[in-house]
Amino acid sequence: MAEESFDCAIVGAGIVGLAHALAAARAGLRTVVLEREVRAIGASIRNFGFVTVTGQEAGDCWRRARRARDIWAEVAPQAGIAIHQRGLAFAARRPEAAAVLEEFTRGPMGEGCRMLSGAEAAALGGLRGDLAGAMLSPHELRVESRDAIPRLTAWLAEARGVAFRPLTGVQAVEPGQVRFAGGSIRAGRIIVCPGTDLRTLFPEIYARRQVTLCKLHMLRVAAPGFVLPGAVMSDLGLMRYLGYAASPSLPRLAARLRAEQGEELMHGIHLIAVQGADGSLVVGDSHHYSPSPDPFQPAEVDALILRELSAVLDLPRPEVVERWVGVYPSGPETAFFESPMPGVMLVSVTSGTGASTAFGLAEDVLAAWESMA
């Protein structure tokens with residue numbers, strides 16, 4: 001096989017790799033993406049497709065999410081990607097949760113968000129009438145990941161000239177060269193975005209940064225007969241999204257959740273429900289951590305997720321039509337990038353926010369590279 005040469009070689013065709021391919025192409029770099037599978041089959045197509053801004057951790061994560069949302073909105077119509085929903089309805093089942101959300105709306109990251117009473121929330125459609133209230137955010141958008149990622153890939157190839165090399169499992173990276181079975185590619189810049197593969201390339205960095213893997217349960221529920229006002233979340237999400245961590249009311253909510261939903265907390269459950277063009281809902285999720293997550297999906301965890309769904313939506317008997325698990329890298333940072341050798345950058349989103357932040361992260365990586373030059 002003849003050795004090819006590019007300005008930039010990217011390892012991994014998930015959303016993080018694709019975001020870097022877009023940033024590199026916009027910078028005028030001849031870019032190739034190498035992917036060990038025929039196409040992306042990991043977390044990038046198994047998630048909600050929910051580009052979450054509100055509630056992201058203050059600082060880089062929130063800034064990147066806002067930028068990524070803008071890029072999704074710009075690129076989606078060009079790539080033929082439908083935006084199925086806009087905005088977020090954060091339902092509060094308890095007065096303590098409503099207090100946290102009220103405090104958030106008064107802070108700098110709550111700009112544009114507003115509180116509704118329980119009756120006002122129910123009038124939007126789909127939400128139960130016994131809620132303590134809800135927060136509406138205009139900042140989010142939602143795509144169907146299993147459709148959006150292939151369309152984004154095709155658009156990058158056709159409109160931006162990015163080359164793709166599927167079924168190319170990279171075995172080694174060194175300055176200026178990517179090696180794989182049967183050949184190699186030369187590139188002045190190499191960006192490694194290996195997703196859940198923490199062992200093939202630079203395992204010592206993942207170990208030092210204490211990165212493991214997180215497995216989550218996902219469900220598709222048959223169309224409920226109503227249209228949601230946006231993506232929907234609930235009280236449990238306030239415990240997981242770090243943007244709410246500074247709320248003075250959060251300790252009171254946490255104490256009540258530990259008393260009333262300890263089992264859900266043990267399984268890392270919080271509710272996200274998004275709606276597709278066919279009316280069906282993608283619902284999740286849970287969080288279980290292991291260096292090697294098992295592939296099984298215990299029914300009792302799914303039941304807890306569905307119970308939370310019925311506590312928020314006017315949907316007492318949701319019909320599950322599809323189930324799957326997703327896996328993503330998880331660590332103490334929301335994301336990191338690091339140069340292990342000249343001309344090489346390792347990039348990883350370690351918080352399950354790839355769809356929400358990758359486009360913004362990619363711009364940060366290229367800017368950091370320019371400042372190092």
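None of these values were measured; they are calculated from a predicted model. (Residues numbered from 1 in each chain as written. Predicted model: local features only at pLDDT ≥ 70, side-chain atom pairs only at ≥ 80, totals over all residues. Heavy atoms only, no water.)

**Focus: the environment of leucine 124**
Here is step 1: Along the chain, the position of leucine 124 falls in the loop between α5 (118-123) and β6 (133-142).
Here is step 2: Classification of leucine 124 as partly exposed rests on a relative accessible area of 34%.
Here is step 3: Separated by 35 residues in the primary sequence, leucine 124 and alanine 89 place their C-alpha atoms 9.5 Å from one another.
Here is step 4: Ignoring sequence-local partners within four residues, the contact set of leucine 124 consists of Leu116, Leu136, Val227 and Pro229. (Helix = DSSP H or I, 4+ residues; strand = E, 2+ residues; numbered from the N terminus. Buried < 20%, exposed > 50% of the residue type's maximum accessible area, 1.4 Å probe, protein only. Contact = heavy atoms within 4.5 Å.)

**Observations concerning the nonpolar core**
Nonpolar side chains in soluble globular proteins tend to end up buried together.
Here is step 1: With 59 residues, the main nonpolar core has Leu127, Leu238, Tyr244, Leu309 and Leu313 as its most contacted residues.
Here is step 2: The leading source of residues in this core is helix α10 (residues 299-312), at six residues.
Here is step 3: Excluding residues within four positions of it along the chain, leucine 309 makes contact with Val221, Leu271, Ala273, Val283, Leu315 and Pro318.
Here is step 4: Core analysis: the next-biggest nonpolar cluster, separate from the first, contains 43 residues, Ile149, Val162, Ile191 and Ala335 among them. (Core = buried A, V, L, I, M, F, W, Y, C linked by side-chain atoms within 4.5 Å.)

**A word on the pairing of strand β2 (residues 31-34)**
Here is step 1: Side chains of β2 alternate between two faces, with Thr31 and Val33 and Val32 and Leu34 buried alike.
Here is step 2: Pairing between strand β1 (residues 4-11) and β2: four bridges, direction parallel. Of the residues in β2, the one forming a bridge with alanine 9 is valine 32.
Here is step 3: Handedness of the crossover joining β1 and β2 through helix α1 (residues 15-26) is recorded here as right-handed.
Here is step 4: Looking at chain direction, β2 and strand β7 (residues 163-165) are connected through three bridges and run parallel. (Pairing = 2+ DSSP bridges. Right-handed = clockwise from strand over helix to strand, strands pointing away.)

**Concerning unusual backbone geometry**
Here is step 1: Cis rather than trans, the peptide bond between glycine 284 and aspartate 285 has omega equal to -5°.
Here is step 2: With a phi angle near 55°, phenylalanine 202 is a residue other than glycine that sits in the positive phi range.
Here is step 3: For glutamine 210, which is not glycine, the phi dihedral falls at a positive 60°.
Here is step 4: Structurally, the position occupied by glutamine 210 is in the loop between α7 (203-208) and β11 (212-221).

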